[in-house]
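Tertiary structure, described
What follows is each chain in one-letter form.
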Amino acid sequence: MNDMLSPEEIEALLSSLTSEERATDDASIERHISGGRSHSRRSESSGGREVQLYDFRRPDKLSKEQVRTIQMLHENFSRHASGAFAALLRTPIHIELTSIEQKPYEEYLKSINHSLFTILSLSPLTGQAIFEIEFELLFSMIDKMLGGFGKAIKRTALTDIERPLATELIHRVLNALKTAWEAVAVIQPKIEVPEASAQFLNIVPSSEIVIVMLFELKVGNQKGMMSLCIPYLVLKPIAVKLATQKWTTLGQKENPVTKEYLSAHVCKTSVHCSVRLGTTKLKMRDFIRLEPGDVLILDQTVEEDAFLHIGDFPKFTGRAVRIGKKLGFQITGKIKE
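Residues numbered from 1 in each chain as written. Predicted model: local features only at pLDDT ≥ 70, side-chain atom pairs only at ≥ 80, totals over all residues. Heavy atoms only, no water.

**Concerning the overall build of the protein**
Along its length, the protein carries ten helices and 13 strands. Out of the 337 residues belonging to the protein, those deemed buried represent 33%. For the protein, contacts bridging at least 24 residues in sequence account for 59% of all contacts bridging at least 6. Accessible area of the protein: about 22,300 Å², with a carbon and sulfur share of 55%. (Helix = DSSP H or I, 4+ residues; strand = E, 2+ residues; numbered from the N terminus. Buried < 20%, exposed > 50% of the residue type's maximum accessible area, 1.4 Å probe, protein only. Contact = heavy atoms within 4.5 Å. Areas by Shrake-Rupley, 256 points an atom, 1.4 Å probe, with all protein chains shown as cover.)

Right, here's the structure in full:
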């Protein structure tokens, strides 16, 4: 007996699907709206279990393990960006990663509007990405930068004064993104096209799969959304590094770029130095009676070394010297911790 179906039998089976059954399948794909964005949730109940429907027309490019790694990276990005915005705006900022989706690029463009789009490059990765932030939230942050109360303005264009302020905010985002990704790859995010129009966001074909990270921002009483869209083709060269085990191993190693970055900033930091020649004890009545010209006897002789303090901690020993008409301090030794 032949177990293979003939083309006619296959055609008959396909045609046996009624329009009612097809409608039931389509109805199982429910849409819900969150923050003005649409997200697809595909699930149905079968025997008390939740079943996730799989659409073969738009297959997931990244595995669940790789998505979890991206989630961890961008949760770190949220914390770095929150701190950067808070320092700039002088107000508490809360940024939360709400979802990570793999969808066709066309769907991403259709799900957003009334936003500022910025095309980015992620050198040395090949290709471009998109950073998007809602205009109302952006204007609220700009108002804070200018000393206001964070009032949102319903406009969809930036003035000549607002444009550099918006660019500064985006640079803070890029620095946070660079720091968050250092455990996996050393990237150099850069603005390629600022204030891009939605009509010219052709970074990949419309059917290409992109990874979309959606964030919710809270600036005072104002709430808004921003997103980061990275095509899969951009992440493909480092997809192997996105495995959780690989990412954890990389994170434990000292990153030379991070070390150089921190060293450069630490070297520019100013520290308070002071020389203490000795100490003495006074009663309160003697302290109150002190006048110019009085001499205090210290617990240290002139032959003994004095101490150079960095902040409140003694670090070096040395002696007072004269350099021209000024006093100086000659270091003779280092105090061991």
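Picking up where we left off.
**Some thoughts on the sheet that holds strand β4 (residues 93-104)**
With respect to topology, six strands assemble into an open sheet ordered β4-β8-β9-β6-β5-β7, the strand pairing being antiparallel. The strands lining the two open edges of the sheet, one partner per strand, are β4 and β7 (188-196). Going from strand to strand, the sheet's axes swing by 20° on average, the running direction of each strand aside. Here six bridges tie strand β5 (residues 115-123) to β7, and the two strands are oriented antiparallel to one another. By the bridge assignment for β7, Ile119 is matched with Val193. Across the sheet, helix α3 (residues 64-89) is in contact with β4, β8 (209-219) and β9 (222-231); its angle to β4 comes to roughly 145°. Strands β5, β6 (128-134), β8 and β9 of the sheet are contacted by helix α5 (residues 135-145), whose axis makes an angle of about 75° with β6. (Pairing = 2+ DSSP bridges. Axes fitted to C-alpha atoms, helices over the stretch in contact; angles between N-to-C directions.)

**Overview of the packing of aromatic side chains**
Applying the stated criterion across every chain yields a total of three aromatic pairs. Centre to centre, the rings of Phe135 and Phe139 are 5.8 Å apart; their planes meet at 20°, and the pair counts as stacked. In this pair, Phe135 and Phe139 both sit in helix α5, four residues apart, roughly one turn of the helix. Across the pair, Phe139 and Phe135 agree in class, each one buried. The residue whose ring lies beneath Arg155 is Phe139, and the NZ or CZ to ring-centre distance is 4.5 Å. (Phe/Tyr/Trp six-rings, centres within 6.5 Å; stacked < 30°, edge-to-face > 60°. Lys NZ or Arg CZ within 6 Å of the ring centre and 35° of its normal.)

**So, the environment of Thr332**
If you trace the backbone, Thr332 turns up in strand β13 (residues 326-334). For the pair Thr332 and Gly318, spaced 14 residues apart in sequence, the C-alpha separation works out to 4.6 Å. When residues no more than four places from it in sequence are discounted, the contact partners of Thr332 are Asp305, Thr317 and Gly318. Within the local environment of Thr332, its side chain forms a polar contact with the side chain of Asp305, the two groups lying 3.2 Å apart. (Polar contact = N/O pair within 3.5 Å; in protein donor to acceptor, adjacent residues only side chain to side chain.)

**Description of the confidence of the model for the protein**
For the protein, the average pLDDT comes to 79, and 80% of its residues sit at 70 or higher. In this model, residues 27-36 is a region of pLDDT below 50 whose contacts with residues beyond four sequence positions or in other chains number 22 contacts. Counting interchain partners and residues more than four positions distant, the pLDDT-below-50 stretch residues 38-46 has 35 contacts. (pLDDT = per-residue confidence, 0-100.)

**Digging into the pattern of salt bridges**
Counted under the stated rule, the structure contains six salt bridges. The residue Arg163 makes a salt bridge to Asp160 at a minimum N-O spacing of 3.1 Å. Residue classification places Arg163 among the partly exposed residues on the basis of a relative accessible area of 30%. For Asp160, a relative accessible area of 66% corresponds to the exposed category. Asp305 serves as the salt-bridge partner of Arg319, at 3.2 Å between the closest nitrogen and oxygen. Note that Arg319 is positioned in strand β12 (residues 313-323) and Asp305 in the loop between α10 (284-288) and β11 (306-310), a separation of 14 residues in sequence. Residue class for Arg319 comes out partly exposed when judged on its relative accessible area of 43%. Relative accessible area serves as the criterion here: at 27%, Asp305 is assigned to the partly exposed category. (Salt bridge = Lys/Arg side-chain N within 4 Å of Asp/Glu carboxyl O.)

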